[in-house]
Amino acid sequence: MTVTEETTPTSHYERIGGASSVKAAVELFYDKVLADPELAGYFSDVDMVGQRRHLALMLTVVLGGPNEYAGRGLAEAHQPLNIPLEHYVKVGEHLTATLVELGVPADVVTAVQGVLAQVQDQVVAGGNPAGA
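Described in the following lines is the structure provided in the data block.

1. With respect to the overall build of the chain
When its secondary structure is counted, the chain shows seven helices and zero strands. Secondary structure of the chain in N-to-C order comes out as α-α-α-α-α-α-α. Considering only contacts in the chain between residues 6 or more positions apart, those separated by 24 or more positions represent 72%. Element-wise, carbon and sulfur atoms account for 56% of the exposed surface of the chain, whose accessible area totals about 7,800 Å².

2. Focus: the side chain of D36
Within the secondary structure, D36 sits in the loop between α3 (19-34) and α4 (48-62). Judged by relative accessible area, which is 6%, D36 ranks as buried. Within polar-contact distance, the side chain of D36 engages the backbone nitrogen of E38 at 2.9 Å.

3. A closer look at α4
The terminal C-alpha atoms of α4, which comprises 15 residues, lie 20 Å apart, in line with the 21 Å expected from a rise of 1.5 Å per residue. Along α4, the residues that are buried comprise M48, G50, R52, A56, L59 and T60. Taken together, the buried residues of α4 touch α2 (12-16) and α3. Two to three positions downstream of the cap, the backbone nitrogen of V49 sits 3.2 Å from a side-chain oxygen, assigning the N-cap of α4 to D47. Taken from the residues just after α4, G64 is the one with a positive phi, measuring 90°.

4. What about the nonpolar core?
Considering soluble globular proteins, one finds that nonpolar side chains tend to be buried as a cluster. Within the largest apolar cluster, 20 residues are counted, with the highest numbers of intra-cluster contacts made by V22, Y30, L63 and L99. If you tally residues by element for this core, the top one is α3, at six residues. With near-sequence residues (within four places) excluded, Y30 lies in contact with F43, M48, Q51, R52 and L55. Formed by six residues, the second largest nonpolar core is a distinct cluster that contains L74, V119, V123 and V124.

5. Concerning the packing of α3 against helix α6 (residues 85-101)
Where α3 meets α6, the axes come as close as 9 Å, and the angle between the chain directions of the two elements is 135°. The angle between α3 and α6 places the two elements in the oblique class. Between α3 and α6 the crossing geometry is right-handed. Judged by residue contacts, A25, L28, F29, K32 and V33 of α3 engage V91, H94, L95, A97, T98, L99 and E101 from α6.

6. Re the side chain of T96
For T96, the location among the structural elements is in helix α6. Of the residues examined, T96 reaches a relative accessible area of 19% and is grouped as buried. If sequence neighbours within four positions are ignored, T96 has contacts with V109 and Q113.

Cut-offs used in this document
Numbers given to residues run from 1 along each chain, matching the order in which its sequence is written. Local features are withheld for residues below a pLDDT of 70 in this predicted model, meaning they are given only at 70 or higher, and side-chain atom pairs are given and counted only at 80 or more; totals for whole chains, interfaces and linings count all residues. As a convention, hydrogens and water are excluded, and side-chain values are obtained from all of the structure's heavy atoms. A run of H or I in DSSP becomes a helix once it reaches four residues, and a run of E becomes a strand once it reaches two; helices and strands are each numbered from the N terminus. Contact between two residues is taken to exist if any of their heavy atoms lie within 4.5 Å; hydrogens are not considered. Where accessible areas are quoted, they stem from the Shrake-Rupley method and a 1.4 Å probe; at the residue level, only the protein chains shown are allowed to cover. Exposed residues in this analysis have more than 50% of their type's maximum accessible area, buried residues have under 20%, and partly exposed residues fall in between, with area computed by a 1.4 Å probe over protein chains only. What qualifies as a polar contact is a pair of N or O atoms within 3.5 Å, subject to a donor-acceptor requirement within protein and to the restriction that residues adjacent in sequence count only when both atoms come from side chains. To estimate the expected span of a helix, count its residues, drop one, and scale the result by 1.5 Å. By convention a nonpolar core is built from buried Ala, Val, Leu, Ile, Met, Phe, Trp, Tyr and Cys residues, the set being connected through side-chain atoms within 4.5 Å. Helix axes are fitted only over the stretch in contact, all axes being lines through C-alpha atoms; the angle between N-to-C directions runs from 0 to 180 degrees. Throughout, the term roughly parallel applies to angles under 35 degrees, roughly antiparallel to angles over 145, roughly perpendicular to angles from 65 to 115, and oblique to all others. Take the far helix as the reference: if the near one is turned anticlockwise from it by less than a right angle, the crossing is left-handed, and if turned clockwise, right-handed.

Next up, the structure:
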């Protein structure tokens, strides 16, 4: 091992296997969400190919991978949907279950849950839009 390898931290993104692992997580996650009768309606008129691509790009950033996301901000995309807290919590549970099912290390799952907590007000109805 070289000095560079010893001192360069590995991102969560690299630790879980990079793009292919993120893609697998997004696919399984949306399978769970779309099978949930309380959540599926949010996606009835959504281009799911594009939606999956957006989430993969966002999850990549959350995990410390390359930032190639150029979509709308969370508040802009979600506030018009009037998402109640219960539905946000269910989505978080589906994401957590997906990551655990795929064998993602516990500390990475905890980090993702931390980000979910940080952005909750941008997504949940009545939350504070970004910059407010």
